[in-house]
Amino acid sequence: MPSHSDPTGDPQRPLPLVYGPHPDQVADLHLPDRPGADRLPLVLFFHGGFWRAAHDRRHTGAFADALARDGGCAVANVEYRRVGAGGGWPTTLTDTARAVDRLPELASRAAPGRIDTGRVVYAGHSAGGHLALWAAVRHRLPAGAPGRTDAPAPIRGVLALAPTADLAHADRLGSGRGAVADFLGGGATEVPERYAAADPAVLGTPAGRTVVVHGTDDEALPVDMVRAYARTTGTTLTEVPHGSHFDVIDPDSPAWPSVVQALRALVEALG
């Protein structure tokens, strides 16, 4: 389906955004198909795929378009360097930090008058959910850690869809055939300082309000992981009965209303 249409009905592709010199430091900006809609909240969305180069933002293009349409937001579908193509520790994290720092202004320039840069939500699915959560706790990182900031992120919320919310737990499970160890360069006992600087489960409550949406039948990341994360951080957990890992990014799945409702709750909280 087309990404969105202009007032004449002609299909348009997402607007390209470039946040750095590397070919993977880019994003696609999706706008809702509503002529005249402006001052839109901006969702910075990070795709999943175990942080690996085999998976890129193309698999969440239709999702980003549907989220913009049904959520009434602008959605930047963010690419970043991944394991196997120059990513991993610390590059994937520094790309994430660079993206969230630069994309709001770039989106505002690409769609003049339509983006409210004071109303930003970080979002992501699976490994991208980890990146969204991590981006919202950069002020809690250890001194000298990649991407650290002194102040909380200037956002209003985080929408994490089936996120890898506990890296050490996921590594113990062997999720994604050792994806966490590939991402960080070892297990928690081998590179503990990297887990301390990258694991949302030990970094505390994110800036802004956080909502996690997770299927109870998630085959990739067990729902018990996010239940524990929600208890520890005080974030809101919405469980999708019988939902799978990919239902939360499928606009045609029964999980979709829960995703849209969670986003709208964040948007309404923006005032």
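Whatever comes next refers back to the structure up there.
Residues numbered from 1 in each chain as written. Predicted model: local features only at pLDDT ≥ 70, side-chain atom pairs only at ≥ 80, totals over all residues. Heavy atoms only, no water.

1. Side note on the pairing of strand E10 (residues 236-240)
To keep things clear, this is the line we draw: Each pair of strands is called paired provided DSSP finds at least two bridges between the two strands. A run of H or I in DSSP becomes a helix once it reaches four residues, and a run of E becomes a strand once it reaches two; helices and strands are each numbered from the N terminus. Looking down the strands as they point away from you, a crossover is right-handed if its path from the first strand over the helix to the second goes clockwise.
One ladder, built from five bridges, connects strand E9 (residues 209-215) with E10; its direction is parallel. Across the sheet, valine 211 pairs through a bridge with threonine 236, a residue of E10. Running through helix H8 (residues 223-233), the crossover from E9 to the neighbouring parallel element E10 is right-handed.

2. Some remarks on the sheet that holds strand E7 (residues 115-125)
Rules: Between the N-to-C directions of two axes lies an angle of 0 to 180 degrees, each axis being a line fitted to C-alpha atoms and, for a helix, fitted only over the stretch in contact. Should any heavy atoms of two residues lie within 4.5 Å, those residues are counted as being in contact.
Taken together, the eight strands give an open sheet; going across it, the order is E3-E4-E6-E5-E7-E8-E9-E10, and neighbouring strands pair in mixed fashion. Looking at which strands have only one partner, the edges of the open sheet turn out to be strand E3 (15-18) and E10. Here the average twist between neighbouring strands, direction ignored, is 25 degrees. Pairing analysis gives six bridges linking strand E5 (residues 40-46) to E7, with the strands arranged parallel. If you follow leucine 42 over to E7, its bridge partner there is valine 120. Sheet strands touched by helix H1 (residues 61-71): strand E4 (26-30), E5, strand E6 (74-78) and strand E8 (157-161). Its angle to E6, the strand with the most contacts, is close to 165 degrees.

3. Side note on the packing of helix H2 (residues 91-110) against helix H3 (residues 127-135)
The condition that has to hold: By definition, any crossing whose near helix is turned counterclockwise from its far helix by less than a right angle is left-handed, and any crossing with a clockwise turn is right-handed. Residue polarity follows a fixed list, in which Ala, Val, Leu, Ile, Met, Phe, Trp, Tyr, Cys and Pro are nonpolar, Asp, Glu, Lys and Arg are charged, and the others, Gly among them, are polar.
Where H2 contacts H3, the two axes come as close as 10 Å, and the packing angle between them is 65 degrees. The hand of the H2/H3 crossing is right-handed. Each of Thr92, Leu93, Thr96, Ala97 and Val100 in H2 lies in contact with H3, whose residues at this interface are His130, Leu131, Trp134 and Ala135. Across the contact of H2 with H3, the residue classes tally to six nonpolar, three polar and no charged.

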